Amino acid sequence: MKFAGILVLFAGYCLADSKLSYPPPRGNVKWWGTCSAGAGCKGPCDSSMAEVSAGKTISSDVVVSRDQELTVKWGYASNRGGFVRVAMVPYSKSDSWCEFNNNVIKYSCYESAGESIPTLQTDRWTTKIKIPLNMPDGVATLQWVWYGGGNYYGNPNATFGEHYGCSDIKIEGGPFSNAKAAATFQGGDRLNPRSDVCEYHGSNKVGDCNFPNKYPNPIPGDLLSNSLEPCSIGPSKKGKPYRF
Ligand SMILES: *[C@@H]1O[C@H](CO)[C@@H](O)[C@H](O)[C@H]1NC(C)=O
């Protein structure tokens, strides 16, 4: 009993990092709703289209129109830093990293709300996006990427792997235009409120902490062996996402 309690505490402290909470994510059965590159989940979504069509995941009934404002929410981890990237593609393209990389809507800081809520919450941090004018009517997939997070296993200088989440939403109506808007960046986080930067660890570029083609080799009784992390070691920095 005592041992189990310690394990749960330890796992909560180290592994229950963060996930997209709104719009509701597809959900990842294998990793309890999260998708961490360090644990072997390489995205672009927490669950693939095949897993969604097999009915294994949670479906969203969020309906929006083009140009409508939508508040994206995530949470759990605090004192972790990094950036969040939000992208959107038609559902049929949602297995493609390339499509998401080419259709980024916005970057924000991970701890972007600037609020101080003392409890762990799934919707603690937020950013507002506008539904792109070039998205056709139908089901679209919003991708959430958290990268540049750190403070791993009590080491403030250790960088996390990236985390991914996707939500399928329905787009109906609103003004249409083929022109694609440029991605935006909104800075300012808990440590740097009302600024144009974020606190982050390691790289400011999506993909640098994906551990491509690498998977952990779990050893029973060794929690650290469940992850490829840390991605890198070094003090935290203040800055903007790559190319801003
Ligand atoms: C983190 O990095 C800073 C700056 O290099 C260093 O002073 C500090 O000792 C490091 N902390 C740990 C726990 O390694």
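One can find the structure itself at the top, above this paragraph.
Everything numeric here is computed off the predicted structure, so don't read it as measured data.

Draft legend 1. Region of the structure containing the overall build of the protein. Along the backbone of the protein there are 3 helices and 13 strands. A buried classification covers 46% of the 244 residues belonging to the protein. Sequence separation of 24 or more characterises 78% of the internal contacts of the protein that already satisfy a separation of 6 or more. Here the protein has roughly 11800 Å² of accessible surface; of this, 56% comes from carbon and sulfur atoms.

Draft legend 2. Spatial organisation of the pattern of salt bridges. In total, this model carries 7 salt bridges according to the counting rule given. The residue Lys238 makes a salt bridge to Glu199 at a minimum N-O spacing of 3.2 Å. With a gap of 39 residues between them, Lys238 in strand β13 (residues 237-239) and Glu199 in strand β12 (residues 198-200) connect regions that are remote in the sequence. Look at Glu199 and you get buried, because its relative accessible area is 12%.

Draft legend 3. Highlighting the sheet that holds strand β6 (residues 125-130). If you trace the 3 strands from one edge of the open sheet to the other, you get β1-β3-β6, paired in antiparallel fashion. Of all strands in the sheet, those with a lone pairing partner are β1 (18-22) and β6, marking the two edges. Averaged over all neighbouring strand pairs, the angle between strand axes comes to 30°, with direction disregarded.

Draft legend 4. Focus on the state of the cysteines. Inspection of the entire model under this criterion finds 4 disulfides. Two residues share a disulfide in this structure: Cys209 and Cys231, whose sulfurs sit 2.0 Å from each other. The sign of the -90° torsion about the S-S bond sets the Cys209-Cys231 disulfide as left-handed. Note that Cys209 is positioned in the loop between β12 and β13 and Cys231 in the loop between β12 and β13, a separation of 22 residues in sequence. Take Cys209: its relative accessible area is 8%, and that puts it in the buried class. Overall, the relative accessible area of 25% leaves Cys231 in the partly exposed class. Disulfides within the protein link the bonded cysteines, taken in sequence order, as 1-2, 3-5, 4-6, 7-8.

Draft legend 5. View of the nonpolar core. Met88 and Ile129 are the most contacted members of the largest nonpolar core, which has 25 residues in total. Within the residue set of this core, elements represented by two or more residues are β3 (69-76), β4 (83-90), β6, β7 (138-147) and β10 (163-171). Broken down by element, this core gets its largest block of residues, 4 residues, from β7. Contact partners of Met88, with chain neighbours within four places excluded, come to Phe100, Asn103, Ile105, Ile129, Ile131, Pro132, Met135, Ala140, Thr141, Leu142, Ile169 and Ile171. Counting 20 residues, the second largest nonpolar core, distinct from the first, contains Ala37, Cys45, Phe83 and Phe185.

Draft legend 6. Summary view of the site of the ligand. If you check the shell around the ligand, you find Asn155, Pro156, Asn157 and Pro235 and nothing else. One of the side-chain nitrogen or oxygen atoms of Asn157 is found 2.3 Å away from an oxygen atom of the ligand. Taken by itself the ligand offers 360 Å² of open surface, and the protein chains cover 31% of this. In terms of residue class, the shell around the ligand is made up of 2 nonpolar, 2 polar and no charged.

Draft legend 7. Highlighting the sheet that holds β10. Pairing is mixed across the open sheet formed by 6 strands, whose spatial order is β2-β10-β7-β4-β5-β11. In this open sheet, the two edge strands, each paired with only one partner strand, are β2 (63-64) and β11 (184-186). Bridge count for strand β5 (residues 104-109) against β11 is 3 bridges, and the pairing is parallel. If you follow Ser108 over to β11, its bridge partner there is Gln186.

Draft legend 8. Layout of the packing of aromatic side chains. Per the stated rule, a full pass over the model turns up 13 aromatic pairs. Ring geometry for Tyr110 versus Trp146: centroids 4.4 Å apart, planes at 25°, classification stacked. Taken together, the residues Tyr110 in the loop between β5 and β6 and Trp146 in strand β7 connect sequence positions 36 residues apart. For the pair Tyr110 and Trp146, a shared accessibility class is recorded, and that class is buried.

Rules and cut-offs
Residues numbered from 1 in each chain as written. Predicted model: local features only at pLDDT ≥ 70, side-chain atom pairs only at ≥ 80, totals over all residues. Heavy atoms only, no water. Helix = DSSP H or I, 4+ residues; strand = E, 2+ residues; numbered from the N terminus. Buried < 20%, exposed > 50% of the residue type's maximum accessible area, 1.4 Å probe, protein only. Contact = heavy atoms within 4.5 Å. Areas by Shrake-Rupley, 256 points an atom, 1.4 Å probe, with all protein chains shown as cover. Salt bridge = Lys/Arg side-chain N within 4 Å of Asp/Glu carboxyl O. Pairing = 2+ DSSP bridges. Axes fitted to C-alpha atoms, helices over the stretch in contact; angles between N-to-C directions. Disulfide = S-S within 2.5 Å. Core = buried A, V, L, I, M, F, W, Y, C linked by side-chain atoms within 4.5 Å. Near = heavy atom within 4 Å. Polar contact = N/O pair within 3.5 Å; in protein donor to acceptor, adjacent residues only side chain to side chain. Nonpolar A, V, L, I, M, F, W, Y, C, P; charged D, E, K, R; others polar. Phe/Tyr/Trp six-rings, centres within 6.5 Å; stacked < 30°, edge-to-face > 60°.

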